[in-house]
Amino acid sequence: MENIKIKDIETDRLLIKVPTMSEQKSLWNIIKLEEVNRYYFPTPNRIFDKYNLSKENISDLIQARMIFQKQLNDWERQKPFYKEKIRSIKNGDNGQKFTWSIFLKSGEVIGQMTVQPNEKYLDNPVIRDVGWFISPKYQGQGYAYETAKAILDFMFLEVKIEKIITSAAVINTSSWKLMERLGFERIGEKKSTYLDENNQIVNCFCYEVSCDKYLKKRNYSG
Ligand SMILES: CC(C)(COP(=O)(O)OP(=O)(O)OC[C@H]1O[C@@H](n2cnc3c(N)ncnc32)[C@H](O)[C@@H]1OP(=O)(O)O)[C@@H](O)C(=O)NCCC(=O)NCCS
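The sections below set out a description of the structure shown in this document.

Parameters at a glance
Residues numbered from 1 in each chain as written. Predicted model: local features only at pLDDT ≥ 70, side-chain atom pairs only at ≥ 80, totals over all residues. Heavy atoms only, no water. Helix = DSSP H or I, 4+ residues; strand = E, 2+ residues; numbered from the N terminus. Rg over C-alpha atoms; globule rule 2.2 N^0.38 Å. Buried < 20%, exposed > 50% of the residue type's maximum accessible area, 1.4 Å probe, protein only. Contact = heavy atoms within 4.5 Å. Areas by Shrake-Rupley, 256 points an atom, 1.4 Å probe, with all protein chains shown as cover. Near = heavy atom within 4 Å. Polar contact = N/O pair within 3.5 Å; in protein donor to acceptor, adjacent residues only side chain to side chain. Nonpolar A, V, L, I, M, F, W, Y, C, P; charged D, E, K, R; others polar.

Let's talk about the overall build of the chain
Logical step 1: When you go through the chain residue by residue, the secondary structure sums to eight helices and eight strands.
Logical step 2: The C-alpha atoms of the chain give a radius of gyration of 17 Å, which matches the 17 Å a tight globule of 222 residues would have.
Logical step 3: Overall, the C-alpha framework of the chain stretches about 45 × 40 × 35 Å when taken along its three principal axes.
Logical step 4: When each of the 222 residues of the chain is scored for burial, the buried share is 49%.
Logical step 5: Restricting to contacts in the chain with at least 6 residues of sequence separation, those with at least 24 account for 66%.
Logical step 6: In the form shown here, the chain has an accessible surface area of approximately 11900 Å², with 48% of it arising from carbon and sulfur atoms.

Quick notes on the site of the ligand
Logical step 1: Surrounding the ligand, one finds 19 residues, the nearest of these being Trp-132, Ile-134, Gly-140, Gly-142 and Asn-172.
Logical step 2: Contact between the ligand and Ser-174: an oxygen atom at 3.2 Å from a side-chain N or O atom of the residue.
Logical step 3: Within the complex, the protein chains bury 75% of what would otherwise be the 940 Å² of accessible surface of the ligand.
Logical step 4: Of all the elements, helix H7 (residues 173-181) adds the most residues to the shell around the ligand, at four residues.
Logical step 5: Taken together, the residues of the shell around the ligand break down into nine nonpolar, eight polar and two charged.

Structure, rendered in structure tokens:
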């Protein structure tokens with residue numbers, strides 16, 4: 001793996017930039033929306049621990065999610081996490097979490113994509129996970145696909161990671177269809193703590209793509 005720093009990337013319609021504090025509040029205004037964070041942020045373990053709630057119990061899961069959503073709604077509480085994110089990006093090496101802010105060329109920030117160490121392979125920096133969100137106002141226009149192609153090209157060709165292993169809620173079709181368009185293959189299904197709009201637990205599909213398979217797919221589809 002190469003010791004390459006995160007950099008700004010330009011595509012036809014987008015500026016995909018190294019994050020700064022100036023757009024973080026706008027991003028928070030997007031991610032605090034339940035429709036955006038529902039299958040993006042799993043409810044953190046610290047909430048189950050602090051309030052003595054069980055992941056096995058549906059009413060506990062609902063309660064934990066409500067507490068988490070309340071925390072997400074509070075900018076003053078969230079601000080330190082965003083400040084820390086910017087600080088660690090500035091200081092980071094290439095074993096870090098790579099995070100980009102996605103801007104329209106008009107200057108409006110519309111989303112974020114991350115390529116982070118994979119929780120199960122923390123000691124193996126060439127195996128990564130991904131995360132993405134786009135403002136509901138701009139979904140369905142190919143912006144996530146345009147972003148993901150540019151960022152995965154950079155991660156596989158320049159940083160030289162070897163594989164991405166990730167997952168998406170079964171019900172989150174726009175996310176796993178995006179993975180499939182990028183060449184990811186479904187490798188299984190697992191339990192999650194995500195709840196759908198009717199507070200039913202949903203499973204996640206597991207996906208992965210190797211560098212070879214990603215590049216093969218890119219050659220076929222441009
Ligand atoms: C998942 C998510 C990032 C997708 O973002 P998006 O910008 O809407 O994705 P795209 O526009 O690239 O693809 C969505 C659809 O638009 C279509 N589309 C429209 N115009 C397009 C274009 N010019 N180029 C490519 N696709 C286009 C795609 O074909 C796709 O259709 P499909 O879902 O039927 O396959 C977005 O739905 C989101 O933010 N969800 C909430 C957060 C979340 O759940 N994140 C994922 C956690 S795993």
